[in-house]
Amino acid sequence: MLERVSWGVNGGSVRQVQAQGWHAWLQAQLHPGKAALPPAIAAQIDAMTISQVPLDQLVVSMEQKRKESAGVMDDMAKQQAQKDYQQELNRLAREAATRSLLLDVYSPNQLQQQLSWFWLNHFSVHQGKHNLRAMVGDYEANAIAPHALGKFRDLLGATVHHPAMLRYLDNEANAAKRINENYARELMELHTLGVNGGYSQADVQELARILTGVGVNLGTDTPKVKPALQSQYVRRGLFEFNPNRHDYGDKQFLGQTVKGRGLAELDEALDRLSRSPATAHFISGKLAQYFVGDNPPAPLVARMAATFQQSDGMIADVLQTMFQSPEFRQSLGKKFKDPMHYVVSAVRLSYDDKPILNAGPMLNWLSRMGQPLYGHQTPDGYPLTDASWASPGQMTTRFDIARTIGSGSAGLFKTDGPQPQEKVAFPQLASALYYQSLQPGLSPATRQALEQAASPQEWNTFLLSSPEMMHR
Amino acid sequence: MNRRDLLKALAAAPLLTHAGRLLAAPATDAKLLFVFLRGGYDANNLLVPVGSDFYYASRPNIAIAKPGAENGALALTADWALHPALRETIHPMFHSGEAAFIPFAGTTDLTRSHFETQDTIELGQEINTRRDFRSGFLNRLVQTLNGSKANPATPAIAFTDQLPLIFQGGVQVPNMALRSVGKPGIDARQSQIIAAMYRGTPLQQPVSAGFVVRDDVTKELTGEMQAANRNAISTKGFELEAQRIARLMKDKYNIGFVDVGGWDTHVGQGGANGYLAGRFDELGRGLAAFSQEMGSAWRNTVVVVVSEFGRTFRENGNRGTDHGHGSVFWVLGGGIKGKQVAGEQVAIAQANLFQNRDMPVLNEYRAVLGGLLRRTFGLTSAQLDHVFAGVKPAELGLV
């Protein structure tokens, strides 16, 4: 169970559960406080630009760089300026992904971290579009993570108002008489009701009208707004509601009239979407698919959806219903890990008490296995089913990665600065944890393979390649 | 009989029946590459209806000019012309009879959802029946060509990181993306020991199939690395990927699948130049490289290019296009009857738009693909019915 609620068993988490007792530990996971990180990890995160500079400042200064580079007259200098701009964007996105992985490996709030990934994937954005590389860190840390176990309505609202989402799904370009229905469609199909959730093409068009004028402002100027509408203008950070671009007519949305009156229409629409039974069912089904199995039992999903509705979309409550269920218990150990779970669990097991200094190799492994952070092009996010990942190509790649992790330091301790005193050779997986907790669960075939290992490195490789390491 | 002999006997049994089938079946050297353009590409700027004033009125900023104009479309037939980014690649293939297009093609799925409609096509099941989400139509094609599940005589492969839905189902189909390929770190002995851990588990097949494909790819790419040292021209992107695909397909695999993304052009898609032109250029280069690299096997090869839907006929407020309906399928091959724009067609006019916004679907994808597969692989009616249940294949005279 620890394996499923966390990103993977390691010595530290076993000790925590033993100290607190299972029930108290799970409650702490469902209702986490501030995470106490190992000092070395906290220091790495604190040193990042994305931890120090707020999003609006960061993006405004990046935009300035972009405009300056476009204005350079000399061709060579212009090329260099544009290259610098792109590299800075890459660096910011890499910081975000690094922070995300360090927290997954070392934060004691394991469930919150898993849910942060789940919601980031549910409200998926692709870093390759426009300047989203400068935004993904803030999107994850400030729009997603704080609400990951809270009210779904709050989470939804935070994504709708975040510039990363508004840019990714083109709503910044959606204006009265110049309708762009991209976001309106995905907001219902992927984020709330689900594709068979009972909306029509007309509802898509009407929601797109409700969303007109909801966009971003990446500069410091304020647009001219008609005097009569001036009081309606909203600017919060990079978020902007521009009344000039809004369609103030009434809308017929999901069978009811939404009175045309500005940004408040959006709140009304989001209230309706998040309280719809279709949403409760769709979200519960997806959570169950992530935590239980490809085809989660219908009665379990129904009970979760009931909790969703009774609690007005309290995510921790929905999860509690799931964790308490016999269906959940029966599924333990049978879910095939996706690449994220594979990579994070392997590093958790290997370097529990030795903070890594470079998450770069983890990012590369995720790319090789086809699941990089902020890297899914389309807004549906990565698939959550076993069938989508358990392919021949995936397996051979994993065995290669198992060898890399098992037989050396795998680049996880390489730094740009001075090299650390202690040289890390390869992880000690044949530990007390292994003999107490892992070995009893291994199949005879796995034990047999481990016996054939010619060296401790190869032993590690086989353990990390075993069927038991592929499941959670 | 001891256990070992029994296993041998069991393994041999399907082989025998299969050999009998093989002798009877024609055209086993036929090859198919299925290319999926994910995102719904703007087919109206690929196959340009140059005779339609309505086209030019609907796309004031992004239309492709008529043939002869500067950066104009490339003439194909009286009614249709091709995007100029394909000047050196697909346009010559069309005129040499190695390329054809099927406009007004697509599904009857009206969700206008990328994911729903991609699933629809990949599953290839009748739309109002309960779907079996574990059975893609290319998997069913491999099944029926093999005749027996245990003995894959028509090797198939997906050149993707994940096994796509189209290849999921009863037969284990391997996958391996060829965009970047590294040296394997696990040696032969280690591979055997690892495979042994999976024996008797549900992952046994993917694990062993993965090792086989890895060895194939390593072998093929050793040649590439040597060649790369000799000539300095470096190919990249989809062109390199497509070359590698050809290298594997001409020797080892009969049925291949690859997907190409980046087609969801809601904003600023450009016209003769710009974003979409760049995508067409890369795709065209890749497909031309594929045909070159296939060598003599190109004669027996059919490439089908599809996308989940077309886009709105009119440009939107952001010089882009939104999700639409009818698309244009491409058919390429060394032995096809190309140089035609095939299938049912209507005049391009406002009155003929679907829901006054999109290209209609007149050539349903199962009928179109069913007809192509039937001819390419010499399928019997029963075999075709296994792939696309209840379909009436369209006879477009392309293969």
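Fair warning: this is a prediction, and the values are worked out from it, not measured in the lab.

Peer 1: I would appreciate a short explanation of the sheet that holds strand β2 (residues 234-236) of chain A in the present structure.
Peer 2: Hydrogen bonding along the main chain pairs the strands of a sheet, whether they run parallel or antiparallel. Residues and elements named next belong to chain A. Taken in spatial order, the three strands line up as β1-β3-β2 in an open sheet, and their pairing is antiparallel. Two strands bound the open sheet, and with one partner strand each, they are β1 (214-216) and β2. Taking each pair of neighbouring strands and ignoring which way they run, the sheet shows an average axis angle of 20°. Both β1 and strand β3 (residues 239-241) contribute to a ladder of three bridges, which runs antiparallel. Looking across to β3, one finds that Gly215 is bridged to Glu240.

Peer 1: Hey, could you run me through the interface of chain B and chain A in this one?
Peer 2: In many analyses, interface size is given as the accessible surface area lost on bringing the parts together. Facing the 43 residues of chain B at the interface are 51 residues of chain A. Carbon and sulfur atoms make up 57% of the surface buried where chain B meets chain A, a total of about 3600 Å² over both sides. Among the residues of chain B in contact with chain A, Phe115, Gln162 and Met197 of chain B are the three that bury the most area, contributing 19% of the side total. Put simply, chain B and chain A have two salt bridges between them. The partner of Glu458 of chain A in a salt bridge is Arg189 of chain B, and the shortest N-O contact between them spans 2.7 Å. Residue assignment for the side of chain B that touches chain A shows that the elements contributing at least two residues are α4 (114-123), α6 (188-197) and α7 (204-230) of chain B. Partitioning the side of chain B that touches chain A into residue classes produces 17 nonpolar, 17 polar and nine charged.

Peer 1: Looking at this structure, I do not really get the confidence of the model for chain B. What am I missing?
Peer 2: Residue and element names in this part refer to chain B. Confidence in the prediction for chain B averages 87 pLDDT; 88% of positions are at 70 or higher. Low confidence marks residues 1-27, where pLDDT is under 50. Its contacts with residues over four positions away, or in another chain, come to 14 contacts. The ipTM assigned to the predicted complex is 0.92, against a pTM of 0.79.

Peer 1: Where do I start with the side chain of Asn146 of chain B in this structure?
Peer 2: One can find Asn146 of chain B in helix α5 (residues 137-146). Here the side chain of Asn146 of chain B touches Thr154 of chain B through a polar contact of 3.0 Å, landing on its backbone nitrogen.

Peer 1: Please explain the pairing of strand β7 (residues 255-260) of chain B as it appears in this structure.
Peer 2: Both faces of the sheet carry side chains from a regular strand, because those side chains alternate between them. Residue and element names in this part refer to chain B. Most of β7 sits inside the fold, with five of its six residues counted as buried. Where strand β1 (residues 31-37) lies against β7, six bridges are found, and the strand directions are parallel. Opposite Phe34, over in β7, you have Phe257 as the bridge partner. The pairing of strand β6 (residues 156-158) with β7 spans three bridges and is parallel. Across the sheet, the residue bridging to Ala158 is Phe257, located in β7.

Analysis parameters
Residues numbered from 1 in each chain as written. Chains lettered and ligands numbered in written order. Predicted model: local features only at pLDDT ≥ 70, side-chain atom pairs only at ≥ 80, totals over all residues. Heavy atoms only, no water. Pairing = 2+ DSSP bridges. Helix = DSSP H or I, 4+ residues; strand = E, 2+ residues; numbered from the N terminus. Axes fitted to C-alpha atoms, helices over the stretch in contact; angles between N-to-C directions. Contact = heavy atoms within 4.5 Å. Buried area = accessible area lost by both parts, 1.4 Å probe. Salt bridge = Lys/Arg side-chain N within 4 Å of Asp/Glu carboxyl O. Nonpolar A, V, L, I, M, F, W, Y, C, P; charged D, E, K, R; others polar. pLDDT = per-residue confidence, 0-100. Polar contact = N/O pair within 3.5 Å; in protein donor to acceptor, adjacent residues only side chain to side chain. Buried < 20%, exposed > 50% of the residue type's maximum accessible area, 1.4 Å probe, protein only.

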